[in-house]
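# Notes for the structure review
Chain by chain, the residues:
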Amino acid sequence: MGSGSGLILGIESSCDETAAAVVRRGGEALSNVVASQMALHANYGGVVPELASREHLRNIVPIVREAMARAGVSFADLDAVAVTEGPGLAGALLVGITYAKALAFGLGKPLIGVNHLEGHIHAVLMEARQRGEVAMELPLLALVVSGGHTHLYLAKQAGESWRYQNVGKTVDDAAGEAFDKVAKLLGLGYPGGPWIDGLAKLGNAKAVPFTFAQIKPRVNPAVVNRKAPPVGEGLRFDFSFSGIKTAVLRYVESQGMREGVEVRRRALAAMVAPAIADAAGLCDEQTLDLIASFQGAVVGNLLRQAFAAAEAFGARGIVVSGGVAANRELRERFLGEGLKRGLPVAFPSVGMSTDNAAMIAAAAWPRFLAGEFADEAMGAVPQMRLG
Ligand code: KG4
Ligand code: ZN
């Protein structure tokens with residue numbers, strides 16, 4: 001199939017962002033529109049699935065129109081419609097999928113289903129292409145780290161198609177979930193990542209020594225029995241973040257910090273749009289030290305596992321994406337370690353690290369070239385896996 005002008009409309013509605021974007025040839029975002037429901041869910045301290053679906057229904061038509069208008073293209077100009085198939089909230093995913101299907105079949109254009117996690121990886125590659133950089137060499141080690149995921153993938157290309165091998169994941173909480181839960185138990189806002197990120201630099205990260213639950217690299221016994229398994233084969237680099245969350249809770253209780261947490265929670269709730277400086281003014285030194293120590297431990301763990309996996313699998317570079325990739329300490333330490341080891345490390349811009357549809361349209365491009373299209377039977381796959 002000819003690739004025309006290579007225009008793909010991407011649609012994303014897997015969680016609490018309704019998003020649409022038009023991307024040319026997987027490398028140039030002509031528009032990227034996101035309607036966030038963050039403020040709505042913040043009142044509940046987490047994403048409420050029913051509310052999310054209702055908001056997606058309300059937003060999807062105007063958001064797609066806006067993305068088309070900003071790109072300055074018409075529906076007839078599109079080569080394909082791409083949509084997030086999973087993972088995510090079933091009802092939320094269905095809003096995007098139903099709309100994308102109706103649009104694609106109405107226009108007589110191909111429909112492409114994209115894995116949300118693949119989208120996060122391609123967000124980074126798309127931006128590198130937009131900056132005109134030479135493509136990173138394969139295989140790549142991709143760390144997808146968000147509120148729902150902490151996954152390590154080895155990404156390779158087979159012809160036009162990309163192939164992913166999962167080489168590590170969290171056995172309990174996702175890293176972003178740990179940020180959110182710890183922020184909540186310290187009386188900070190939702191989502192917690194940006195609050196902890198902003199406050200951590202004011203504290204001493206060495207103050208509270210968190211003994212991190214180290215999940216040792218596991219070897220698949222089937223591989224051990226073979227004489228000479230290929231590099232890294234069968235090794236896994238998993239994560240665990242529920243232990244550190246419990247450790248923070250225990251620290252708060254044993255140090256008699258509960259009352260201070262309540263005061264802070266109430267004071268922040270009474271403010272219209274509290275900023276980091278407001279929260280900082282409500283934190284004593286011990287709280288700031290705790291926050292810095294927590295973040296330092298989580299980032300250190302992500303760093304160790306990612307670089308160990310990259311080495312074990314002979315990766316030529318590391319790509320970090322997902323909401324937690326916005327974290328400043330994480331960026332600095334990953335870039336520093338990459339420089340030290342001579343291993344390129346790439347991040348999405350802060351805007352592209354959270355959920356958006358440009359990353360969905362970008363990930364759809366190789367599928368378009370490979371002719372991997374979805375049919376009318378495509379449904380939401382809430383537990384969809386990658387690799
Ligand atoms: O990818 P994302 O927007 O949504 C999904 O979970 O799929 O990620 C949201 C997560 C939340 O847990 C949020 O607290 C975390 O990313 N996050 C951060 C930062 N900004 C967002 N975590 C640490 N530091 C940040 N600066
Ligand atoms: Zn995401």
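Preceding block: the structure.
Since we're looking at a predicted model, the values are computed, not measured. (Residues numbered from 1 in each chain as written. Chains lettered and ligands numbered in written order. Predicted model: local features only at pLDDT ≥ 70, side-chain atom pairs only at ≥ 80, totals over all residues. Heavy atoms only, no water.)

## Let's talk about the overall build of the protein
Scanning the protein from terminus to terminus reveals 14 helices and twelve strands. For 387 residues, the compact-globule estimate of 2.2 N^0.38 gives 21 Å, and the protein sits close to it at 21 Å. Summarising its shape, the C-alpha atoms of the protein cover approximately 65 × 60 × 35 Å along the three principal directions. Within the span of the protein, comprising 387 residues, buried residues form 54% of the whole. Across the protein, contacts joining residues at least 24 apart in sequence account for 75% of those joining residues at least 6 apart. In the form shown here, the protein has an accessible surface area of approximately 16600 Å², with 55% of it arising from carbon and sulfur atoms. One way to put it: in the protein the 37 positive side-chain charges average out to a point 4 Å from where the 37 negative ones average out. (Helix = DSSP H or I, 4+ residues; strand = E, 2+ residues; numbered from the N terminus. Rg over C-alpha atoms; globule rule 2.2 N^0.38 Å. Buried < 20%, exposed > 50% of the residue type's maximum accessible area, 1.4 Å probe, protein only. Contact = heavy atoms within 4.5 Å. Areas by Shrake-Rupley, 256 points an atom, 1.4 Å probe, with all protein chains shown as cover. Lys, Arg positive; Asp, Glu negative; His and termini not counted. Charge placed at Lys NZ, Arg CZ, Asp CG, Glu CD.)

## Considerations on the site of ligand 1
Neighbouring ligand 1 are 19 residues; G147, D180, G193, D197 and G323 lie closest to it. Note that an oxygen atom of ligand 1 is positioned 2.6 Å from one of the side-chain N or O atoms of D180. Look at ligand 1: alone it shows 550 Å² of surface, and the protein chains cover 88% of it. The set of elements that each furnish at least two residues to the shell around ligand 1 consists of α5 (175–185) and α6 (192–200). For the shell around ligand 1, the leading source of residues is α6, giving four residues. Across the shell around ligand 1, the residue classes tally to five nonpolar, eleven polar and three charged. Counting the residues that make up the shell around ligand 1, at least three belong to each of domain 1 (7–135 + 354–370) and domain 2 (167–343). (Near = heavy atom within 4 Å. Polar contact = N/O pair within 3.5 Å; in protein donor to acceptor, adjacent residues only side chain to side chain. Nonpolar A, V, L, I, M, F, W, Y, C, P; charged D, E, K, R; others polar. Domains from an automatic or database assignment.)

## Describing unusual backbone geometry
In this structure, the amide linkage connecting G86 to the following residue, P87, adopts the cis form with an omega of -10°. Relative to the helices and strands, P87 resides in the loop between β4 (80–86) and α3 (90–107). A cis geometry characterises the amide bond from Y190 onward to P191, with omega recorded as -10°. Topologically, P191 is positioned in the loop between α5 and α6.

## A look at the sheet that holds strand β8 (residues 161–169)
Each strand in a sheet pairs with its neighbour through backbone hydrogen bonds, running either in the same direction (parallel) or in the opposite one (antiparallel). One open sheet holds the five strands; their spatial order is β8-β7-β6-β11-β12, and the pairing between them is mixed. A strand with exactly one partner marks an edge of an open sheet, and here the two such strands are β8 and β12 (345–346). (Pairing = 2+ DSSP bridges.)

## Notes on the layout of surface pockets
If you add up the space inside the second largest pocket, you get close to 350 Å³. Around the second largest pocket, the lining comprises 20 residues; the ones closest to its centre are L125, R129, A135, M136 and W162. Of the residues belonging to the lining of the second largest pocket, the class tally is 15 nonpolar, two polar and three charged. (1 Å grid on protein atoms, 1.4 Å probe; cavity = no way out; pocket = protein on both sides within 12 Å on 5 of 7 lines; lining within 4 Å. Points joined across faces, edges and corners; volume = space filled by probe spheres on them.)

## Description of the packing of helix α4 (residues 116–130) against helix α14 (residues 358–369)
With their axes 7 Å apart at the nearest point, α4 and α14 run at an angle of 90° to one another. Between α4 and α14, the angle is such that the two are roughly perpendicular. Touching H116, E118, G119, H120, H122, A123 and M126 of α4 are A358, M359, I360, A362, A363, P366 and R367, all from α14. (Axes fitted to C-alpha atoms, helices over the stretch in contact; angles between N-to-C directions. Parallel < 35°, antiparallel > 145°, perpendicular 65-115°, else oblique.)

## A few points about empty space enclosed by the protein
Taken as a whole, this structure holds one cavity of 30 Å³ or more when the rule is applied. E118, S161, W162, A363, P366, R367 and E372 are the residues that line the largest cavity. At three residues, the largest contribution of residues to the lining of the largest cavity is made by α14.

## Thoughts on the coordination of the zinc ion (ligand 2)
In a perfect tetrahedron of four donors around a metal, the angles come out at 109.5 degrees. In a perfect octahedron of six, they are 90 or 180 degrees. Distances from the zinc ion (ligand 2) to its protein donors, H116 (NE2), H120 (NE2) and D355 (OD), fall within 2.1 to 2.2 Å. Geometry at the zinc ion (ligand 2) is irregular, judged from its four donor atoms and the angles of 90 to 147° they form at the metal. (Donors = N, O, S within 2.8 Å, 3.2 Å for Na, K, Ca; no water. Tetrahedral: all angles 85-135°; square planar, octahedral: opposite > 155°, others 65-115°.)

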